[in-house]
Amino acid sequence: MVAAGAALADEVGLAHLTMGLLAERVGVRTPSLYKHVGGLDDLNRRIAALALSQAADAVGGAAQGYAGRDALVAAASAFRAFVLEHPGRYAATIGVEPTGPDDPMAAAAQRLLGAFSAVLRGYDIAEPDVDHALRMLRSLCHGFATLQVANGFQWSADIDESFDWLIAFADRGLRAVEPGR
C-alpha cells in the first residue's frame, strides 16, 4: 500500500494525494485502506520513511568506492536524480519529524545522513564542523533538486552545467575549510 501511495504521490504530487485517490488506484474501496494505514498522515509518514531509505540506498551506493570530489559528485548526482524521479515521495520527507528512535523514519534518515557523512570523510573537516558541512550539502542538494522539480530554473543556462558548477563550488569550499577552524 505504501509503495502504491508513493508512486501515486510522485505522479500527482504529495499535496494531491488522498485516500480516495489511492483506493481508486489500487482497486479497493477507501475504508479498506484503513486496514493497512491509519489515515493520510500515517501514509505520508510511511512514504517519508520509504523515500529516506531509498534515497540513502541511492546516495550510499553511488558514492561507495569513491572519495573526495568523486564521492561528492556521485552522491549529489544520485540525490538529485532521486528527487527528480520521485518528487512526491521526497516531498513527504520535508518537515516531518521522527516520533522516536524506533520510528522507521529515524533509521532511514540516519542512513542518508551516514551516506553524506561518508562523503565528507574524503575532506579534512574537523569534527566540530561536520554538522555544518552536512547542513551545507543538504541545503545545496535539496535546494537545487527541489527548484529543478518546481521548474524554478527558467533562464538560458544549461541546468546540468549549473549543477556541475555548484558541485565544483562545494568541493572547493570543502577543501578550503581550515582543520580545527
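Summarised in this report is the structure supplied together with it. (Residues numbered from 1 in each chain as written. Predicted model: local features only at pLDDT ≥ 70, side-chain atom pairs only at ≥ 80, totals over all residues. Heavy atoms only, no water.)

## Examining unusual backbone geometry
Heads up, the condition is: Secondary structure is summarised from DSSP: a helix means a run of H or I of at least four residues, a strand means a run of E of at least two, and numbering begins at the N terminus for each.
With a phi angle near 60 degrees, Asn151 is a residue other than glycine that sits in the positive phi range. Inspection of the secondary structure assignment puts Asn151 in the loop between helix 8 (127–149) and helix 9 (159–176).

## Looking at the environment of Pro128
The topology assignment puts Pro128 in helix 8. The sequence separation of Pro128 and Thr99 amounts to 29 residues, and the corresponding C-alpha distance is 27 Å.

## Let's talk about the pattern of salt bridges
Cut-off, in case you're wondering: Any carboxyl oxygen of Asp or Glu within 4 Å of a side-chain nitrogen of Lys or Arg constitutes a salt bridge here. Accessible area is worked out with a 1.4 Å probe on protein chains only. A residue is then buried under 20% of its type maximum, exposed over 50%, and partly exposed in between.
Counting across every chain of the model gives 8 salt bridges. Across the pair Asp10 and Arg89 runs a salt bridge, and its minimum N-O distance is 2.7 Å. With Asp10 in helix 1 (residues 2–12) and Arg89 in helix 6 (residues 87–91), this residue pair connects regions lying 79 residues apart in the sequence. Here Asp10 and Arg89 have matching classes, each one buried. Among the salt bridges present, the one from Arg111 reaches Asp57, with a minimum N-O distance of 2.1 Å. A residue pair is termed long-range when its members are at least 10 positions apart, and Arg111 in helix 7 (residues 104–120) and Asp57 in helix 4 (residues 40–63) qualify at 54 residues. Salt bridges sharing common partners tie together Arg69, Asp171 and Arg175.

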